[in-house]
Structure formats: structure tokens, C-alpha cells
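Here is how the chains run, residue by residue.
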Amino acid sequence: MAKKKTVRRKTKKTPAPKKNISFKPSKQNKIILGSLLILLSIALFFSFASFYFTWQFDQSLLNQFGDRNAEAENLLRKFGASISHMFMYRGFGLASFILIGLLCITGLYLFLSLEKKGLWKKWIWGLIFMIWISIALGFFAVERPLLGGMVGYEMNDFLQDYTGKIGVILLLLFGLIFTMVRLFKFSPEGIGNYVSSKSKSIATEFKKTSHTEAEVTETTEEILLTPEKEEPIIIDTYTHKKDIPPIEKEVDLEMPVVAPVEEEVLDMQVAEVTVEPEETDNIADKLVEDFGEFDPTLELGNYKFPTIDLLEQHGVTGSITINQEELEENKTKIVETLRNYKIGIAQIKATIGPTVTLYEIVPEAGVRISKIKNLEDDIALSLAALGIRIIAPIPGKGTIGIEVPNKNATVVSMRSVIAASKFQKAEMELPIAFGKTISNETFVVDLAKMPHMLMAGATGQGKSVGLNAVLTSLLYKKHPAEVKFILVDPKKVELTLYNKIERHFLAKLPDSDEAIITDNTKVIHTLNSLCIEMDNRYELLKAAMVRNIKEYNVKFKSRKLNPNDGHKFLPYIVVVIDEFADLIMTAGKEVETPVARLAQLARAIGIHLIIATQRPSVNVITGIIKANFPARIAFRVASKIDSRTILDTQGADQLIGRGDMLFTQGNDVTRLQCAFVDTPEVAKITDFIGSQRAYPNAHELPEYVGEDSGTTLELDKADRDAMFKDAAVVIVTAQQGSASLIQRKLKLGYNRAGRIIDQLEAAGIVGPFEGSKARQVYVPDLIALDELLKNE
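Residues numbered from 1 in each chain as written. Predicted model: local features only at pLDDT ≥ 70, side-chain atom pairs only at ≥ 80, totals over all residues. Heavy atoms only, no water.

1. Some remarks on the pairing of strand β6 (residues 431-437)
Counting buried positions over the seven residues of β6 gives seven, a clear majority of the element. Pairing analysis gives three bridges linking β6 to strand β15 (residues 669-674), with the strands arranged antiparallel. By the bridge assignment for β15, G435 is matched with C674. (Buried < 20%, exposed > 50% of the residue type's maximum accessible area, 1.4 Å probe, protein only. Helix = DSSP H or I, 4+ residues; strand = E, 2+ residues; numbered from the N terminus. Pairing = 2+ DSSP bridges.)

Here you go:
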């Protein structure tokens, strides 16, 4: 009986745990709450991110939250506009993104039912980081209060009143040190030990490289030779049978080697004579003739072209040394790699270039080209070389090309390119010698036939050297009367050497002090002035009844055009723009519109553009501009996408850098080694030209009057805002004319603050709009402001 009673007691106690179910969160509740926090963090991310693009429009709608007809531009509409305004504008600015990360982490902890030991620590350090970043952004970005938010701005204002700017910097530095020590366990001893250990390891590594290089090559040769001792098991991928006889490993193909072309190099004295244009060959005979052809070079008749000795011969010799062992080794590895994939080769030939050797192979019958093209990475692995590029097939030939970089590259000097007979005897309007091809031939093209050129590539891969090669080629070939340069250099240091030839070769605006343009405003005026020059030249061509500048100048030289009717000799104008992306970022449509016009129309009248940029994406170079730049030069880039952006095909991502480039003029792609011209060489050339007699002034472009950036509207006094006087007091007190200051102090929307700024400008209190700078305040104090408002 006692046992039965105990059993009954146990059965009565079993329902007892049901009382505690409602007090403990179940797994289902954690998943629901966690998913809610994760989705909320995603929503906050999109609203915060779109806030920086839509805040100006949405700020005026914050008071119309209940109006369903008012539509916000934020990705999450009114909810996103209000919540992002609260956190980004009135809160912590950019640091508010940390709050999104904390909410997402908390949601993941709940969703995955993880232990909450380190969650509170993450929240504490996250909030500390959020406050510190907000104060730091508020201090270093005073003119952009949206970065630090209202908290960062007001905290800085409060701290600077008591400690000054130096005190705020010290407090921020202390906060950084506190965080690094407590969170990341940093110490002076640890940093010292890390630096000393790294320096010792680097020193020992440099000492061992010379000793281990020979050992590594021996071991790699042994590894490559060992597989020949075993018979591999070959399985047919179609029949899955193993009784197929193995393919022989012996490589018995004979490879004819095409020696690099030794071009005819003219002597220095001959070069000086032939570099002169055809119009000056018989100056004495032309002067004897009565009313002979007009010679545009007579004003600088004693002008001497730069001599070849101003350029240096880089390297020991200009010829290319043939390493027969390297050729045989690469040939064997290529043939073996292809045979491993059951691709037979009927013939192989090598063509040696300055930096790259081209191996031309003829596959056996029945081999698909795409199969060889897909083995690009495998061939690069077997050769242990960078920059392997497969051309399948080579245009105009029945072969497949494999470009392999040479172990010892040869520097192509500008001197060897300029002295080549192919350049000296080139009958072109604007000849440019870029460098040498894979077959060691000098590559010369005519800029007048391109007609515009786009040059792109990653930083430090040779764009600036390429621009110097273009300018040097034209300086060695053309007289100052025949070509003029307009140089745009936003970096202010790349093209400054050409200031010495300002009165010989450069063109500029009438009132401009410097011929090399570095200011964005002058760039806009110059490009618009070129559009005026283009229209004027077309009028001259129309009156002369000719189609292009070449026909016009021939007609003018033969004295068939009357100078009294406005006709004159027209020199070619070459516009060189470096870092075009920077101009688009700062000026935008003001630069894009004239460049698009010039690219479309300026070919026939002798204005040619050369644009250099790092990556010609759609937002930098539009489709209209890019369509008129068939000539493209691509130096090494990081990815295949960048290569397709430049060349509309891949290949630039497989270059080896240091002047290795691809050139296309709308059809085939040619691999070149750009000629190297150093800065001292350019300085010698410009000094040589600048020391000679020049024109009185630089070539002047037509005058262009730009539109005033300020507002010229005279606003009626009766239409002034009710907060006009309060805003004027705020502006004069702070001596800083900006709409954001009126927003913060008077708690107004952006549109209303902008209208008040326009009214203050019309009243003469602040100056005109000056881009990113704050407007100038014309009224010195409040007394002067009262007198100004009374006298209206």
C-alpha cells in the first residue's frame, strides 16, 4: 500500500513543470525574435545608406509623416527617412552603422541559440566605439556635420569650449590608446618585439636568397623529371578503357627560332637632317621663287630639332640577347603540358621580343582551339611564369600563339625608337613611336588617323611614361608652327617640365598665366574655348570648300586662300588630359559635354584628344565619348573586367607591368613594350627647345566667357522668409555662410535654408556660391547688419 501511495504522489507532481514554461523563452521565441532583429538591421542598413543620397529631399517631408500623398526618396520611404534622420542627422552620423552590426549580432545569437557570455561585452565596446567615432568625425569633418551627426558636432562644441582643439585631440588619442590596450592587449614591449623580429627575419631572408636560388632550380628540375620514370595510366574519357597505349614523353620537335629584327638605325647627323619636315627641305629654292608656296615655318626658320644625343641608351646594348637554354626549356614544357592533355603539336616556332617571347604552335588535325585556350592556367603553372597569354588563333596566320615573358627583360629606350628609320622616314601627319613589338620592330602610328586615343591602366604601370613618349615623338618630328599642345594635369607634377616650351608648342587662353592647366575651372573654359575654335575652323573649311585640315593647309600654302578673308595656316592641336576621372568627379557635366563634342566633331579640323585614366568606367567615360575613341592603350590592370572595360576584350590583366601594354585601333590587339623616357631626358629636350628663339606669346585660343556661378536674381523684400533676420544674425555671428549652419541653429529643412541663403546673397550679406567652400560673409558684425537692414 505504501508503494502505491508513493506512485500516486509522483503522478500528482508530474504536471508541476508546466507552471515555469511561460517564464522561460522557448527556442521558437528566440528564432522569431532573432529573425526580427536581423531583418530590422537589414532595413536600417538600407535606410542609413540611402540617407546620404536622399536626405536633402526627404528632410523637408519630415513634418508631413501623416500625409500619404507626400512620398519620400529613401529606399524605405517615410520610415527610412525618419529613422535615418534620427540616427544619422540627430544621432551619431556614420558611427550609427555600428548599431546595425550590434543588432545583427544579437539577432544571430538568438536565432542560433548561442551562449550570451560575450554579447554584453560586444554591446559595451560597440557603444564606446560609436561615441568615439562620432566625436572624431565631428572634430575632423567640421564642414560636413552629416559624418559625425548632431552628437559628434555638439560634443565637439562642448569639449572645445572647455579644452580647446588641442584638448579634444588629446582626449581622442587617450580614448584610442585605452581601446587598443584593453581590447587588443597592445603594449610597448609587444610592439618592440614585433618590429625587431620582423627586421631580423627580413635581413636573414635577404642573405639566404642568393644561396637558395640555385638549390631551388635544381630541385624543381628533379621534380619535373621524376614523373617520366613511371608509366601513367591513361583513361579514355569516352570509352572509359584503360588499355590505351601511353603517349610518348619525348619531345623531338624542331623549333626554328626567329631572331629579333635588327632595324636600320640612322646616324645622329642623318637623324638631325631627316627629322625636319618636308616643307623646309628646299628653303633656299623656295625663297628664290617669286610668290612661291607659303612656308609657315619661316617665322622660326632657324629652329633646330632636338638631337638624338639628348636621349640616353638605357641598358648595355640595344640588341636582344638570345638565351637558347631558356627557349628549349619553355618549348619542352609547353609541348609536354599539351601532350598530357592529349593535344599533339605538328610544329612550333619562337619569336623573341624585348620582354616577351611568342611561341607559335600548329596543332595536329582534329584539335579544337578552345581546348588549348582553356589550358592557359596549366601552361602558366608548368612554366612558372606570370603574364602567360594565349592568342587562339593569331589573326592572319594559321597558328596559335603563346606569349611567355622573358626571364631577363630588355629595356626599350626612347633613343632606339626615335633613331629607327621606320620613325625617321614615316610620312605621317602626327607620327607617334610607342615602343617595340614582340618581333622587335618599332611601332609607329599616326595620331591624325586614330583620331583620339584612350589610355588606361592601374597606378604605376606606365601611363605617365606613355604620355611622355607621345609628346617626345611629336617634339622630335614636328615644327612649332605645325602642332600645338594643350596639357591638362590635375596632379600638377606630371607635365610641369613642358612649361619651358610654352612659347614654342603650347596653347592657352588669352588671360591665363600658366600654359599647363591644373585648375578645374580653367579646364572647363579651355575645353569650351576649343569648341569655339572647332566651330571657327569649320567655317574656314566651309569657305575654302575643303573637307579636312590637310586639304585646307595645302590650299593655303599654294596661296589659293586670301588671308584678308580670315584664312590662316591651321596647326594641329593635341589635347592631353591626365587623370580624366578626377575632372569628372569634380566638374561632371561641365567637362563631359565639351569633350563629347570634340570627340565627335574635331577629327576633320585637326584637334585630337589623348585621355588618360585608371579605369574608364561608364560613369567616367560615357558611351558617346568611348565610341569616338577607337584607339585604346591598356597597361596592366587588376581584373578581366577592367580589361574588358578598356579594350572590350580580356588580356590586359595578364600583362607583366613596367610598360607592357596592349594597343588596339578597333581591330586587332597588338602587344607592345612601351619606350622608356626618363624625367631627366624630358628636361634636356625641353631645355634644348626652350633655349631657342620662340614666338612672342603662346598660341592663344578663342576667349570664352563662362556663366556666373552665383545667383543674379533680385529677390523682392516682401518675399523674404520669416526667419530671414534670425538667419542673418546667425551667419554674421559665426562669420560662416552655409545652409547647414542655418539648419542646425534654426532647426530648418534643407530647402528652406537654401532659399534663405539665396535671399541673404541678394541682400549683400553673403557672397556667391564657391563650390565646397563656405560662402564669404560681407557684413563684419551685428551693428553693421542692423544698419544694412535699416537702409534697405
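2. Brief notes about the packing of helix α2 (residues 27-58) against helix α4 (residues 97-111)
For the pair α2 and α4, the least separation of the axes is 7 Å and the interaxial angle reads 160°. Classified by the angle between their axes, α2 and α4 sit roughly antiparallel to one another. Once α2 is placed against α4, the crossing between them reads as left-handed. On α4, the residues that touch K30, I31, L33, G34, S35, L37, I38, S41, L44, F45, F48 and A49 of α2 are F97, I100, L103, C104, T106, G107, L108, L110 and F111. Classifying every residue of the contact of α2 with α4 gives 15 nonpolar, five polar and one charged. (Axes fitted to C-alpha atoms, helices over the stretch in contact; angles between N-to-C directions. Parallel < 35°, antiparallel > 145°, perpendicular 65-115°, else oblique. Left-handed = near helix turned anticlockwise from the far one by under 90°. Contact = heavy atoms within 4.5 Å. Nonpolar A, V, L, I, M, F, W, Y, C, P; charged D, E, K, R; others polar.)

3. Digging into unusual backbone geometry
Peptide bonds are trans in most cases, and residues, glycine excluded, mostly fall at negative phi. The omega angle of the peptide bond from M450 to P451 is -5°, so this bond is cis rather than trans. Relative to the elements of secondary structure, P451 occurs in the loop between β7 (442-446) and β8 (453-456). Its identity is not glycine, yet K492 carries a phi of approximately 70°, on the positive side. Assignment of secondary structure puts K492 in the loop between β9 (483-488) and α16 (502-505).

4. Observations concerning helix α12 (residues 376-383)
Three or more residues of α12 are buried, namely E376, I379, S382 and L383. Viewed along the axis of α12, the buried residues span an arc of 130°, placing them on a single side of the element. Seen from the open side of α12, the exposed residues pointing more than 90 degrees away from its buried face are D377 and L381. Turning to α12, the residues buried within the fold contact α10 (324-340), α11 (369-373), β4 (389-391) and β5 (400-405). (Arc of directions from axis to C-beta.)

5. Quick notes on the packing of aromatic side chains
Scanning all chains against the criterion turns up 14 aromatic pairs. Look at Y303 and F505: their rings are 6.4 Å apart centre to centre, the planes differ by 70°, and that puts the pair in the edge-to-face class. Here the residue Y303 occupies a position in the loop between α9 (283-288) and α10, and F505 occupies one in helix α16, the gap between them amounting to 202 residues. With relative accessibility at 6%, the residue Y303 sits in the buried group. Residue class for F505 comes out buried when judged on its relative accessible area of 0%. With centroids separated by 5.3 Å and ring planes inclined at 65°, the aromatic side chains of F443 and F663 adopt a geometry described as edge-to-face. Note that F443 is positioned in strand β7 and F663 in strand β14 (residues 660-664), a separation of 220 residues in sequence. (Phe/Tyr/Trp six-rings, centres within 6.5 Å; stacked < 30°, edge-to-face > 60°.)

6. Describing a nonpolar patch on the surface
Together, L173, L176, I177, V181, F184, F186, I191, Y194 and V195 give the surface a local cluster of nonpolar side chains, amounting to about 860 Å² of exposed area. Note on placement: V181 falls in helix α6 (residues 145-184). Relative accessible area serves as the criterion here: at 39%, V181 is assigned to the partly exposed category. (Patch = residues over 30% accessible without salt bridge, like charges linked within 9 Å, V, L, I, M, F, W, Y side chains within 5 Å. Areas by Shrake-Rupley, 256 points an atom, 1.4 Å probe, with all protein chains shown as cover. Salt bridge = Lys/Arg side-chain N within 4 Å of Asp/Glu carboxyl O.)

7. Comments concerning the sheet that holds β9
The strand order across the open sheet built from nine strands is β7-β6-β15-β14-β13-β8-β12-β11-β9, with neighbouring strands paired in mixed fashion. Two strands lie at the open edges of the sheet, namely β7 and β9, each paired on one side alone. Averaged over neighbouring strand pairs, the angle between their axes works out to 30° when direction is ignored. In this sheet, strand β12 (residues 607-613) lies alongside strand β11 (residues 572-577) in parallel orientation, the contact comprising five bridges. Residue pairing for β12: V576 is matched across the bridge by I610. In the packing of helix α22 (residues 640-647) onto the sheet, contacts are made with β8, β13 (631-634) and β14, and the angle to β13 comes to roughly 155°.

8. Side note on the side chain of N528
If you trace the backbone, N528 turns up in helix α17 (residues 520-544). In this view, N528 contacts E590, P594 and Y704; residues no more than four positions away in its chain are not counted.

9. Observations regarding the confidence of the model for the protein
With 81% of its residues at a pLDDT of at least 70, the protein reaches an overall mean of 79. When pLDDT is averaged over each element of the protein, β11 comes out on top at 95 and α9 at the bottom at 40. Residue range residues 1-14 is modelled with pLDDT below 50. Its contacts to residues more than four positions away, or to other chains, number zero contacts. Note that residues 268-288 has pLDDT below 50 and, in this model, 29 contacts with residues that lie over four places away or in other chains. (pLDDT = per-residue confidence, 0-100.)

10. Some thoughts on a positive patch on the surface
Among the surface-exposed residues, K121, K122, R182 and K185 lie close enough to one another that they form a single positively charged patch. By secondary structure assignment, the location of R182 is in helix α6. (Lys, Arg positive; Asp, Glu negative; His and termini not counted. Charge placed at Lys NZ, Arg CZ, Asp CG, Glu CD.)

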